[in-house]
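Given next are the chains, with one letter for each unit.
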Amino acid sequence: QAQLRESGGGLVQAGGSLRLSCAASGVVLSGNAMGWYRQTPGNQREMVATMTRSGTTNYADTVEGRFTISRDDAKNMVYLQMNNLKAEDTAVYYCNVVGRYSAYWGQGTQVTVSS
């Protein structure tokens, strides 16, 4: 049974940085696609950053150049480095892993950016 657990969220001032972590169990990240998504109340969950099975990364226009997705195969973890944070980045961030047969989601971690 696969499980994902996000951590690293919190309160930060605009212009600051945060590093989100996603610990995966029951599924090996290597060889699978993964990504980070975010959602605010009343809005659709939106893609922030993804990594394909081949390792190619893709970013939403709103975060490109500021956020970086990466993974550590030895620790079976996914990371999202967020730099130069803006107030509009405030949201609950979710880790996603697309396995061979199913997609998995974490419980989310709150990121709040104050101006």
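Residues numbered from 1 in each chain as written. Predicted model: local features only at pLDDT ≥ 70, side-chain atom pairs only at ≥ 80, totals over all residues. Heavy atoms only, no water.

(A) Molecular detail of the packing of aromatic side chains. Within this structure, the stated rule accounts for one aromatic pair. Cation over ring: Arg 45 sits above Tyr 94, and NZ or CZ is 3.7 Å from the ring centre. Positioned above the aromatic ring of Trp 105 is the side chain of Arg 45, whose terminal nitrogen or guanidinium carbon lies 4.7 Å from the ring centre. (Phe/Tyr/Trp six-rings, centres within 6.5 Å; stacked < 30°, edge-to-face > 60°. Lys NZ or Arg CZ within 6 Å of the ring centre and 35° of its normal.)

(B) Seen up close, the nonpolar core. Residues Trp 36, Leu 80, Met 82 and Tyr 93 are the most contacted members of the largest nonpolar core, which totals 29 residues. Listing elements by their share of this core, those giving two or more residues are strand S3 (18-25), strand S4 (33-39), strand S5 (46-51), strand S7 (67-72), strand S8 (77-82), strand S9 (91-98) and strand S11 (109-114). Excluding residues within four positions of it along the chain, Tyr 93 makes contact with Glu 6, Leu 20, Trp 36, Tyr 37, Arg 38, Val 48, Phe 67, Leu 80, Met 82, Gly 108, Thr 109 and Val 111. (Core = buried A, V, L, I, M, F, W, Y, C linked by side-chain atoms within 4.5 Å. Buried < 20%, exposed > 50% of the residue type's maximum accessible area, 1.4 Å probe, protein only. Helix = DSSP H or I, 4+ residues; strand = E, 2+ residues; numbered from the N terminus. Contact = heavy atoms within 4.5 Å.)

(C) Quick look at the sheet that holds strand S1 (residues 3-7). Spatial strand order, S1-S3-S8-S7: four strands in an open sheet with antiparallel pairing. The sheet terminates laterally at S1 and S7, the two strands that pair on one side only. Ignoring which end each strand starts from, the neighbouring axes of this sheet average 15 degrees apart. Bridge count between S1 and S3: five bridges; the pairing is antiparallel. Bridge assignment links Glu 6 to a residue of S3, and that residue is Cys 22. (Pairing = 2+ DSSP bridges. Axes fitted to C-alpha atoms, helices over the stretch in contact; angles between N-to-C directions.)

(D) Structural detail: the environment of Val 27. Topologically, Val 27 is positioned in the loop between S3 and S4. Sequence-wise, Val 27 and Glu 46 are 19 residues apart; in three dimensions their C-alpha atoms are separated by 23 Å. Setting aside residues no more than four positions away along its own chain, Val 27 makes contact with Ala 2, Asn 32, Asn 76, Val 97 and Tyr 104.

(E) Region of the structure containing the pattern of salt bridges. Summed over all chains, the structure comprises four salt bridges. The residue Arg 38 makes a salt bridge to Glu 46 at a minimum N-O spacing of 2.7 Å. Residue Arg 38 is classed as buried on the basis of its relative accessible area of 6%. A relative accessible area of 37% means that Glu 46 is categorised as partly exposed. With its nearest N and O atoms 2.9 Å apart, the salt bridge here joins Arg 38 to Asp 89. With Arg 38 in strand S4 and Asp 89 in the loop between S8 and S9, this residue pair connects regions lying 51 residues apart in the sequence. Each of Arg 38, Glu 46, Arg 66 and Asp 89 takes part in salt bridges that share partners, so that together they form one network. (Salt bridge = Lys/Arg side-chain N within 4 Å of Asp/Glu carboxyl O.)

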